[in-house]
Each structure stands twice: as C-alpha cells, then as structure tokens.
Amino acid sequence: MWGNTEVAELIEWLREFNSGKQPDEMVGFYGMDVYGQWEAMDDLLEYAGLYIPEHYDAIASKCSVLPISTATSGCMHGQLPG
C-alpha cells in the first residue's frame, strides 16, 4: 500500500527534517487510514499550518497522491482523472 514514490519522498523529507532534533521535537509518520485518507490529510495539513507553517508547502506536496479538491466544505476529496 505505501510502496510508492510519494510516501518514500515524504519519509526522506521527514528524515532530513528530524536530523539533529531532540526526540521530543521530531515528527513521525505512522500511516494513514485508507478509508479516511482525506480526513487524515486534512488533519496533517491543519497541524502543519499551526505548528510548522514553514514546512506546510513541502508536506502538502507530499500528500498529493491523488488530485485533490477543497470544493466541499473546505475538506479535501479525491478526484479520479478523466
């Protein structure tokens, strides 16, 4: 499931981000509920916006496994191409 380039790139970004940080300052990736992935991404992006806004764009780019729309009540929803 997570054997794709997007997750690999996110993990590499996390490794670089965490380099030299104390354990209580590190960020981790523990997976996402595939049945609630859009809500999980909403939560992740909200957290990034509040606590690490300087990294929001990098995290958002790694979350874009599928094209995303925020047209419905501010939540992200996947859209299949075509």
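Look up: the structure comes first, before these words.
An account of the accompanying structure is given in this report. Everything numeric in this text was worked out from a predicted model, so none of it was measured.

Parameters and conventions
Residues numbered from 1 in each chain as written. Predicted model: local features only at pLDDT ≥ 70, side-chain atom pairs only at ≥ 80, totals over all residues. Heavy atoms only, no water. Salt bridge = Lys/Arg side-chain N within 4 Å of Asp/Glu carboxyl O. Helix = DSSP H or I, 4+ residues; strand = E, 2+ residues; numbered from the N terminus. Buried < 20%, exposed > 50% of the residue type's maximum accessible area, 1.4 Å probe, protein only.

Our focus in this paragraph is the pattern of salt bridges. Considering all chains together, one arrives at 2 salt bridges under this definition. Residue Lys 62 is joined to Glu 9 by a salt bridge in which the shortest nitrogen-to-oxygen separation is 3.5 Å. In this pair, Lys 62 sits in helix H3 (residues 56-63) while Glu 9 sits in helix H1 (residues 5-18), placing the two residues 53 residues apart along the sequence. For Glu 12, the salt bridge is made with Arg 15, and the minimal N-O distance between the two is 2.8 Å. With Glu 12 and Arg 15 both in helix H1 and 3 residues apart, the pair spans about one turn of that helix. A relative accessible area of 44% means that Glu 12 is categorised as partly exposed. The exposed category is assigned to Arg 15, whose relative accessible area is 53%.

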